[in-house]
Amino acid sequence: MAPSLELLEKPTEPLPVKAASTIGNGPSATTIPKLESPEKHLRVMGVFRAFIADLAQQYGEGHAGSPMGMAAMGIALYKYVMKYSPKNCNYFNRDRFVLSNGHACLWQYLFMHLVGVKSMTLEQLKSYHSAKLDSICPGHPEIENEGIEVTTGPLGQGVANAVGLAMATKNLAATYNKPGLEVVNNMTWCIVGDACLQEGVGLEALSLAGHWKLNNLCVIFDNNSVTCDGTADVANTEDINTKMRATGFNVLDVYNGDTDVAAVVNALVAARSSDKPTFINIRTIIGFGSTLAGTADVHGAALGVDEVAKVKRSYGLHPEEHFHIPQDVYDFFSDIPDRGEAHEAGWKTTLARYNEEYPVLGAEFALRVAGKMPADWTKCIPLKEEQPTSPTASRKSAGVITNALGQSINSILVGTADLTPSCNIAYKNKVDFQSPELQTACGLNGNYSGRYIHYGIREHSMCAISNGLAAFNRGTFIPMTSTYFVFHLYAAAAVRMAALQGLQQIHIATHDSIGVGENGPTHQPIAVAALYRAMPNVLYIRPCDAEEVAGAYIAAIQATETPTIISLSRQSLAQYPQYSSREGTMKGAYVFTKSDGDEFDVTLIGVGSEMGFAMQTRELLLKDYGIKARVVSFPCTRLFEQQSREYKHSVLKPRAGKPTVVIEAYPSNGWERYADASVSMNNFGKSLPLKEVYEHFGFAPESIAPKVKDLVEEVRRDGISVLRGDFRDFNGSLRIGFHH
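Since we're looking at a predicted model, the values are computed, not measured.

### A closer look at a nonpolar patch on the surface
So, point 1. Among the surface-exposed residues, L489, Y490 and L531 lie close enough to one another that they form a single nonpolar patch of about 300 Å² accessible area.
So, point 2. Positionally, L531 belongs in helix α19 (residues 528-534).
So, point 3. With a relative accessible area of 31%, L531 lands in the partly exposed category.

### Considerations on the sheet that holds strand β5 (residues 217-223)
So, point 1. Taken in spatial order, the five strands make up an open sheet running β3-β4-β5-β9-β8, and their pairing is parallel. Each edge of the open sheet carries a strand with a single partner, namely β3 (96-99) and β8 (250-254). Ignoring strand direction, the axes of neighbouring strands in this sheet form an average angle of 15 degrees.
So, point 2. Bridge count between strand β4 (residues 188-192) and β5: five bridges; the pairing is parallel. Residue T188 lies in a different strand from β5, and its bridge partner there is L217.
So, point 3. In the packing of helix α10 (residues 261-272) onto the sheet, the strands contacted are β4, β5, β8 and β9 (278-283), and the crossing angle to β8 comes to about 170 degrees.

### Some thoughts on the confidence of the model for the protein chain
So, point 1. Averaged over all residues, the pLDDT of the protein chain is 93; the fraction at 70 or higher stands at 95%.
So, point 2. Note on residues 1-19: pLDDT under 50 across the span, and 32 contacts to partners over four residues away in sequence or across chains.
So, point 3. Here residues 736-740 is a poorly scored stretch, pLDDT under 50, and it has zero contacts once near neighbours within four places are set aside; other chains count.

### A few points about the pattern of salt bridges
So, point 1. Taken as a whole and assessed by the stated rule, the structure comprises 28 salt bridges.
So, point 2. Across the pair K243 and E238 runs a salt bridge, and its minimum N-O distance is 3.2 Å.
So, point 3. Given the relative accessible area of 29%, K243 is considered partly exposed.
So, point 4. Judged by its relative accessible area of 25%, E238 falls in the partly exposed class.
So, point 5. In this structure, E547 engages R582 in a salt bridge whose closest nitrogen and oxygen atoms are separated by 2.8 Å. Note that E547 is positioned in helix α20 (residues 546-558) and R582 in helix α21 (residues 582-586), a separation of 35 residues in sequence.
So, point 6. Here the residues in one salt-bridge network are D512, R533, R542, E610 and E664, joined through shared partners.

### A short note on helix α26 (residues 701-718)
So, point 1. Its 18 residues place the ends of α26 25 Å apart at the C-alpha level, agreeing with the 26 Å of an ideal helix rising 1.5 Å per residue.
So, point 2. Regarding α26, the residues found buried are P701, I704, A705, V708, K709, L711, V712, E714 and V715.
So, point 3. Elements that come into contact with the buried residues of α26 comprise β21 (602-606), α22 (611-625), β23 (660-663), β24 (677-679) and β25 (728-729).

### A look at the side chain of T562
So, point 1. Turning to its location among the elements, T562 is positioned in the loop between α20 and β18 (563-567).
So, point 2. For T562, a relative accessible area of 12% puts it in the buried group.
So, point 3. In terms of polar contacts, T562 uses its side chain to reach the side chain of N537, at 3.2 Å.
So, point 4. In contact with T562, not counting residues within four places along its chain, are G502, L503, Q504, Q505, N537, V538 and L539.

### A closer look at unusual backbone geometry
So, point 1. Here S225, not a glycine, exhibits a phi torsion of approximately 60 degrees, which is positive.
So, point 2. Summarising the element assignment, S225 is placed in the loop between β5 and β6 (226-227).
So, point 3. For S225, a relative accessible area of 7% corresponds to the buried category.
So, point 4. Within the chain, K653 stands out as a residue other than glycine whose phi angle is a positive 50 degrees.

### Regarding the sheet that holds strand β20 (residues 590-593)
So, point 1. Spatially, the six strands line up as an open sheet ordered β20-β22-β21-β23-β24-β25, and their pairing is mixed. Only two strands of the sheet have a single neighbouring strand rather than two, namely β20 and β25.
So, point 2. Where β21 meets strand β22 (residues 629-633), five bridges bridge the pair, whose relative direction is parallel. Across the sheet, the residue bridging to G606 is S633, located in β22.

### Describing the packing of aromatic side chains
Two measures describe an aromatic ring pair: the distance that separates the ring centres and the angle between the ring planes.
So, point 1. For the structure on display, the rule yields 38 aromatic pairs.
So, point 2. Aromatic side chains Y427 and Y452 sit 6.1 Å apart centroid to centroid with 70 degrees between the ring planes, which places their arrangement in the edge-to-face category. One end of the pair, Y427, is in the loop between α16 (420-423) and β12 (432-433); the other, Y452, is in strand β14 (residues 452-454), with 25 residues separating them in the sequence.
So, point 3. With relative accessibility at 6%, the residue Y427 sits in the buried group.
So, point 4. Taking the relative accessible area as the measure of exposure, Y452 reaches 0% and is therefore buried.
So, point 5. Every member of this aromatic cluster is reached through a ring pair, and the members are F48, Y78, Y84, F97, W107, F111, F332 and F333.
So, point 6. A cation over an aromatic ring shows up here: K79 above the ring of F332, its NZ or CZ 4.7 Å from the ring centre.
So, point 7. Directly above the ring of F92 sits R96, whose terminal nitrogen or CZ lies 5.9 Å from the centroid.

### What about the packing of helix α4 (residues 71-81) against α10?
The description of two helices packed together rests on the angle between their axes and the distance between the axes.
So, point 1. In the contact formed by α4 and α10, the axes pass within 9 Å of each other and the chain directions differ by 55 degrees. One finds that α4 runs oblique with respect to α10. Between α4 and α10 the crossing geometry is right-handed. Between α4, through A72, M73, I75, A76, L77, Y80 and V81, and α10, the contact on the second element is made entirely by V261, V264, V265, L268, V269 and R272.

The rules behind these values
Residues numbered from 1 in each chain as written. Predicted model: local features only at pLDDT ≥ 70, side-chain atom pairs only at ≥ 80, totals over all residues. Heavy atoms only, no water. Patch = residues over 30% accessible without salt bridge, like charges linked within 9 Å, V, L, I, M, F, W, Y side chains within 5 Å. Areas by Shrake-Rupley, 256 points an atom, 1.4 Å probe, with all protein chains shown as cover. Salt bridge = Lys/Arg side-chain N within 4 Å of Asp/Glu carboxyl O. Helix = DSSP H or I, 4+ residues; strand = E, 2+ residues; numbered from the N terminus. Buried < 20%, exposed > 50% of the residue type's maximum accessible area, 1.4 Å probe, protein only. Pairing = 2+ DSSP bridges. Axes fitted to C-alpha atoms, helices over the stretch in contact; angles between N-to-C directions. Contact = heavy atoms within 4.5 Å. pLDDT = per-residue confidence, 0-100. Expected span 1.5 Å × (residues − 1). Polar contact = N/O pair within 3.5 Å; in protein donor to acceptor, adjacent residues only side chain to side chain. Phe/Tyr/Trp six-rings, centres within 6.5 Å; stacked < 30°, edge-to-face > 60°. Lys NZ or Arg CZ within 6 Å of the ring centre and 35° of its normal. Parallel < 35°, antiparallel > 145°, perpendicular 65-115°, else oblique. Left-handed = near helix turned anticlockwise from the far one by under 90°.

See the structure below:
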């Protein structure tokens, strides 16, 4: 809601305590340093805003407006309230900070420089929007750079990540903390703008934060009422405070967020001791200090040379002096590094006492801090001789492994978007991650040590929150999510952010084919696999039976810098104990079965749920036409591309002069790289029973075999070159338009 002028001008009471004060008791207590004078704050903010204006002007572009408006909240956080160590940005028990409105990154970069983050030099600050390849000041914060917790940019993603970070703290604290020995007690602070509170993913995540009562989360709203198109009220006039209270947040107001550092500190301190997550509505003026202040013109553009000079003059700075930070401003932050080292030392002392009193738990916690799985995690993967031999849905085969991981491995968090019965991911003796105060009407209850997460019907935020869980400390958590494969379209933006950041997680994607049957085309995923096969740094694995499911899980757990999607069937699938291989699955593709002898006429590629059609077609080709077919299983194209050229040639036999046909009930896009023809999908599906829907779209050996036979005969007659540049789609090419 756009604040009125009356609200913007409403005075606030300064923080009443000027001396150093302590919030909380015991090891979790936080000392708030004595506040400097308002005059000193204004001096620092003036230099800060002028420097921001210089940075954006240097290359004639960039986002200067929000950082200029957010100066006071930056002083409150970085100087007074936030618990961190600039000399060691990875200190485990640090407060986590997320800048969800990532376009305001100059604000974060400059404060990191001022407090003494070693890598954030003056020269690095000046590299913003430059062509320097070694710049650590990209246009939005990126996780690989020191002091950045998560990559933000797509609005709403950061606040969802922050919910995941706060969850991680709650779970670790409930699992390991003991009276008087709190080894984890950090806060998560997240700054958002108007846009993050309009994006659906952010609102989904905030709804969960309120439901879970994550009182270690503070969302700080930079309420400047401006978006790209103008003032925020062009599209949004809701009462955000009332909305957040209804969601379960404690709501605080700061009416003069431009200059009243004490009021911001007061609100942040209150957030640390709240019994609910806190939402602080801080009214600011975008581009504060400029004559363009309060307009959309200052949101995403440089101010202009003359305007930058005016800003400097207004703060008593020399207009021709660029990128200058006076020594007294550096001195203002000079106590921060020592304070950070004191935080670290206090944590290490607590940890040493903890290890003495609780050596077993201490050893486990040390493993979590190191981001390592316990050595015996492999016991959760069934041996080949333990696998089923009768037809079994791959979601059920996956459920066996998820059950074992959930019961045995504390770093595994299993979650679902309201599909516990369908996705087979509930494990024995599970404890739900919930506020201990919650008592549901259906009898489900839990506590913060629980590792089974009910995300509700929120696929997008489920995966975005998982990014925060994974980013808390790499390897400390391996989040698993679950929903139908088709709904990973809802979640795709969050999965992409996980891939971009190299965050490990496992996404269980069930109901992965037209075999969903009567649920119809709305639930039959067709193009989803093509999206994830094309997405960089994602392992999309589609296993054909229980043994390949085992290989998929091993690959996912070993992929420590990659999200994995395991694509699973609802319907029962034939098992192939004599052919299928977990080792082959981990190589992406492998020879499933050879033809009799070494000679063959055609290679059939079977994938996932459609492997049965490849094997049945192989038998029919030999029986009816005397054609010898070899079968290749191809669960993961990306893993296959990581193999040697020699291995890939041994699997696909590209020099044999024989055709290759892929059988998969998805579009053929991408298979041109490995095959000459396909039996594939060029339709959204149809609401029919399992057997009939496959037959309707040409997936039956009686339909496939004659087409393969014709192709083999054509190649025998004209040579394999006849297919070069002429990929054959046996089920026809896409027709433009819709036909009932």
